[in-house]
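# Structural features, examined
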Amino acid sequence: MSIKNKIQEIFDSVASHYDIMNDLMSLGMHRVWKNTMVNSIRFTKNAKVLDIAGGTGDIAERIARIEPSSKITVCDINQNMLNYGRDKVINANQLKLKWVCADAEHLPFRDSVFDYCTIAFGIRNIADRKKALTEIYRVLKPAGQFTCLEFAPMHYQHKAFITLYDLYSFKVIPEIGNIIAKDRSAYEYLVSSIRKFPIQIDFKKEIENAGFINVRFNNMSYGIVALYYGKK
Ligand SMILES: C[S@@+](CC[C@H](N)C(=O)[O-])C[C@H]1O[C@@H](n2cnc3c(N)ncnc32)[C@H](O)[C@@H]1O
């Protein structure tokens with residue numbers, strides 16, 4: 001099975017429990033990381049924003065709250081994730097988000113149309129990162145801003161910290177996945193994909209190689225996650 005099909009299968013399987021699983025697995029920390037990401041961007045009025053791999057709309061919902069004039073498109077390859085997101089957001093009375101089911105490797109948008117592109121915990125799951133970064137660059141307007149939130153492999157931490165983190169990642173998280181989402185292997189896969197993701201300076205280079213300038217990153221929570229920024 002291709003990586004893309006495997007990822008589709010995983011998110012089809014976990015979509016209905018995705019939000020609750022995020023709270024349980026990260027002990028609520030994903031909310032802090034996502035708030036930090038969105039609050040760190042200075043959105044201009046009426047900006048066109050594309051949230052890629054937007055899943056159930058967590059990032060889009062936050063952007064709509066802090067900058068209600070923004071025109072936000074949520075794009076994800078998985079229709080089930082988008083459906084859950086749309087229901088959640090309709091309940092929150094935020095009806096003006098656009099939901100587009102599409103592959104980040106082949107974005108169905110014209111060149112240079114968005115002021116901002118965001119992606120949270122998505123780039124790691126995209127089969128061809130290089131293609132996706134090139135597409136993000138293409139659809140951003142000149143001087144448009146790219147912001148990416150992603151887990152980082154914990155390569156430089158103290159050994160005891162890594163041991164505890166690994167224990168939590170490989171034993172506790174799959175067990176929670178088994179009990180709540182009834183899918184242990186999906187969470188085993190998602191956890192192991194973090195270890196395969198490039199370290200911060202290498203991913204920064206990948207962003208630069210796609211053409212972005214002023215690329216930088218900030219670590220959060222002792223480098224468990226990192227926030228990357230780039231400008232077209
Ligand atoms: C871990 S979820 C993140 C969802 C949301 N951004 C969040 O932070 O809660 C990863 C998402 O990436 C999406 N995804 C994976 N490959 C993709 C691709 N090639 N194009 C667009 N979305 C993709 C999955 O369908 C899934 O919804």
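Residues numbered from 1 in each chain as written. Predicted model: local features only at pLDDT ≥ 70, side-chain atom pairs only at ≥ 80, totals over all residues. Heavy atoms only, no water.

### Looking at the site of the ligand
- Neighbouring the ligand are 18 residues; Ala53, Asp76, Asp103, Ala104 and Ala120 lie closest to it.
- Within the contact set of the ligand, an oxygen atom lies 2.9 Å away from a side-chain nitrogen or oxygen of Tyr18.
- Taking Ala120, its main chain carries an N or O atom lying 2.8 Å from a nitrogen atom of the ligand.
- Alone, the ligand offers 600 Å² of accessible surface; in the complex the protein occludes 97% of this. (Near = heavy atom within 4 Å. Polar contact = N/O pair within 3.5 Å; in protein donor to acceptor, adjacent residues only side chain to side chain. Areas by Shrake-Rupley, 256 points an atom, 1.4 Å probe, with all protein chains shown as cover.)

### Focus: the pairing of strand β2 (residues 71-76)
- When you tally the buried positions in β2, you get 5 out of 6 residues, the bulk of the element.
- Taken together, the 5 bridges between strand β1 (residues 48-52) and β2 define a ladder with parallel strand orientation. What sits directly across from Ile52, in β2, is Cys75.
- Of the pairings in the sheet, the one linking β2 to strand β3 (residues 98-101) comprises 4 bridges and is parallel in character. Counterpart to Thr73 in the pairing with β3 is Lys98. (Buried < 20%, exposed > 50% of the residue type's maximum accessible area, 1.4 Å probe, protein only. Helix = DSSP H or I, 4+ residues; strand = E, 2+ residues; numbered from the N terminus. Pairing = 2+ DSSP bridges.)

### Concerning the UniProt feature "binding site: S-adenosyl-L-methionine" (unreviewed entry) in the protein
- Under the UniProt annotation, "binding site: S-adenosyl-L-methionine" (unreviewed entry) lies at Thr56, Asp76, Asp103 and Ala104.
- The residue Thr56 is located in the loop between β1 and α4 (58-66) in this model.
- What Thr56 contacts, discounting residues up to four positions off in sequence, is Tyr18, Asp19, Met81, Tyr84, Gly85, Lys88 and Trp99.
- Within polar-contact distance, the side chain of Thr56 engages the side chain of Asp19 at 2.8 Å.
- Beyond its immediate stretch of four places on either side in the chain, Asp76 contacts Ala53, Gly54, Gly55, Met81, Leu82, Val100, Cys101 and Ala102.
- There is a polar contact of 3.5 Å between the side chain of Asp76 and the backbone nitrogen of Gly54. (UniProt positions renumbered as here; feature names shortened; annotations may be inferred. Contact = heavy atoms within 4.5 Å.)

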